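Understanding the architecture of this molecule
The residues making up each chain are set out below.
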Amino acid sequence: MSRLIVVSNRVNPPSGNGEESVGGLAMALAAALKESSGVWFGWSGRTTETFTGDLNIETVGGVTAATVDLEEADLDEYYNGFANKTLWPLFHYRNDLAAFDRAYRDGYTRVNRRFAKTLAPLIQPDDVVWVHDYHLIPLARELRALGVKNRIGFFLHIPWPAHQVMINLPHHRQLVQAMFDYDLAGFQTAEYQQAFEEYVLTEAGGEQPEPDWLKAFGRTLQVGAFPIGIDASDFARMKTSARARRMRDLMTATTVFRRLIVGVDRLDYSKGLEERFLGFEQFLADNPDLRRQVLMLQIAPPSREAVEAYQEIRGRLDALSGRINGEYSDVDWTPFRYVNKNYRRDELAGIYAAARVGLVTPLRDGMNLVAKEFVAAQDPEDPGVLVLSRFAGAVGQMPDALLVNPNSPEDVADALKRALTMDRAERVRRWTALFETVQREDVSWWRDAFVRKLMGRDPAHAPAHAV
Ligand code: ADQ
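What counts, and at which threshold
- Residues numbered from 1 in each chain as written.
- Predicted model: local features only at pLDDT ≥ 70, side-chain atom pairs only at ≥ 80, totals over all residues.
- Heavy atoms only, no water.
- Helix = DSSP H or I, 4+ residues; strand = E, 2+ residues; numbered from the N terminus.
- Buried < 20%, exposed > 50% of the residue type's maximum accessible area, 1.4 Å probe, protein only.
- Domains from an automatic or database assignment.
- Contact = heavy atoms within 4.5 Å.
- Buried area = accessible area lost by both parts, 1.4 Å probe.
- Salt bridge = Lys/Arg side-chain N within 4 Å of Asp/Glu carboxyl O.
- Polar contact = N/O pair within 3.5 Å; in protein donor to acceptor, adjacent residues only side chain to side chain.
- Nonpolar A, V, L, I, M, F, W, Y, C, P; charged D, E, K, R; others polar.
- Phe/Tyr/Trp six-rings, centres within 6.5 Å; stacked < 30°, edge-to-face > 60°.
- Lys NZ or Arg CZ within 6 Å of the ring centre and 35° of its normal.

Unlike most non-glycine residues, Tyr93 shows phi in positive territory, near 65°. Following the sequence through the fold, Tyr93 ends up in the loop between helix 2 (72-91) and helix 3 (102-119). Here Tyr93 falls in the partly exposed class, since its relative accessible area comes to 27%. Non-glycine residue Arg304 carries a positive phi angle of around 45°.

Our focus in this paragraph is the domain arrangement of the protein chain. Often, the extent of an interface is quoted as the loss of accessible area on bringing the components together. Domain boundaries in the protein chain define domain 1 (4-229 + 444-457) and domain 2 (232-440). Here the C-alpha centroids of domain 1 and domain 2 sit 30 Å apart. Listed per partner, the contact involves 25 residues of domain 1 and 25 residues of domain 2. Contact between domain 1 and domain 2 buries roughly 2,000 Å² in total, counting both sides, with carbon and sulfur atoms accounting for 58%. Between the two partners, domain 1 and domain 2, sit one salt bridge. The salt bridge involving Lys85 is made with Glu308; its shortest N-O contact spans 3.7 Å. Where domain 1 touches domain 2, the interface holds six residue pairs in polar contact (both at pLDDT 80 or more). Listed by contribution, the elements that provide at least two residues to the side of domain 1 that touches domain 2 are helix 1 (24-35) and helix 2. Broken down by element, the residue count for the side of domain 1 that touches domain 2 peaks at five residues, all from helix 2. Residues of the side of domain 1 that touches domain 2, tallied by class, amount to 13 nonpolar, nine polar and three charged.

Attention now moves to the packing of aromatic side chains. Considering all chains together, one arrives at 26 aromatic pairs under this definition. With a centroid separation of 5.0 Å and an interplanar angle of 85°, the aromatic rings of Trp160 and Phe196 are classed as edge-to-face. Remark: Phe196 occurs in helix 7 (residues 190-202) and Trp160 occurs in the loop between strand 6 (151-155) and helix 5 (163-166); sequence separation between them is 36 residues. The pair formed by Trp160 and Phe196 is uniform in burial state, with each residue classed as buried. Taken together, a centroid distance of 5.4 Å and an interplanar angle of 65° make the contact between Phe180 and Phe217 edge-to-face. Residue Phe180 is found in the loop between helix 6 (172-179) and strand 7 (184-187), and its partner Phe217 is found in the loop between strand 9 (213-216) and strand 10 (219-225); the two are separated by 37 residues along the sequence. Assessed through its relative accessible area of 0%, Phe180 is described here as buried. Residue Phe217 is classed as partly exposed on the basis of its relative accessible area, which comes to 22%. One aromatic cluster is present, built from ring pairs that chain together Phe91, Trp160, Phe180, Phe187, Phe196 and Phe217. Across the ring face of Trp43, the terminal group of Arg10 is positioned such that the distance to the ring centre comes to 5.5 Å. Geometry around Trp88 places Arg304 over its ring, the cationic atom sitting 4.1 Å from the centre.

The structure is reproduced here in structure tokens:
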């Protein structure tokens, strides 16, 4: 049986001791790795003065983790630099925040080369390699240069931007060409896949011999849309756990007869937090009669604090939340709670369960798993309403949410009013449709669909073209 080798920037297999700090994606990948006695390869999270290329191999919860330390300069130029200051903003349509710096691009190439050199000796002839996300786009190119002939797949967790956005990246062609060293490139949605295809057909003079196949740069690549899901069965278990129940009761007690609106996001400019706060402010201004009946809770733990854009947004959010509470609070009441903390996954399940509205309004998002977690946590008899941005990848699978333009405070305010006043029959109808998809198209469904196609086991797409 062929082994699966998963490669991602960070490696975080669950310990298997019931700790709840690891997300559904890590659990799903770990399960697949265990089944195939595979290896998870990536950065250890540690830096050293000079790169040694020494492998740290350990078995965590039945999964072999092979990690490598990076240099300080790698962290600055590859991770904080090209990945998070160039590709992340550009792929989220924030060209204004994208830094184009030759040192970042060189660092990105260097680290991908280092990863490839360290990984190549671990790969056996029958292994299948699955590379994750924008940090590692050129990894297959570097592995091929070292003579690796195995099947290698790539999955992009963030959006692939429209052609006109993509060409803002200096040397964009090189990056796209590197995608053609994979056998399969997976995107979250058909829209991102189409954006990639459009670039290949119009900018790179490529061809599409048949749907889901592209020819360019003298190579053939299979492409596909694989929307990622949550670990629905684990979430169902967590939702009834003692911790989840305690958290739900605590939230219910502190909201005292008020309806809870909840937002949970990494503190990131792509998540539309400022726009969301303005939308809530607009709702308070428009609805004096409903004001005292609601409480909004936004949980947003800081992320990527070494990047300036993330430091700046934090200051703006502090000011905005202060302004909203300053304007609308009373001696016995505040409308808004803004918390910069991480919570365990079972506690989050309890918080979602206590909410009447899940407010998920990213400006751009590859998928957005919070939308799916919110749905999975609801009480089927009396479910809350999901308000979802049109620009989240999740929209394609969740048409029964209330869809909003996150840039319009009025649109967000109107959707909040509609969600808060929606009768139970409509809430149940919408939730039932949403939950059905969240449960069926979960993280194992996503993983199996990708791996099957990569291994050429999908009868409709045998790898006959991959020559
Ligand atoms: P992210 O941008 O990190 O992921 P998202 O899909 O929302 O975004 O996942 C965030 C995860 O972190 C969720 O599982 C959520 O529960 C958890 N989380 C958020 N705040 C938390 C807190 N305060 N405490 C604990 N946990 C918290 C990227 C892409 C997404 C894509 C995913 C998966 O940007 O578009 O959906 O990868 O492919």
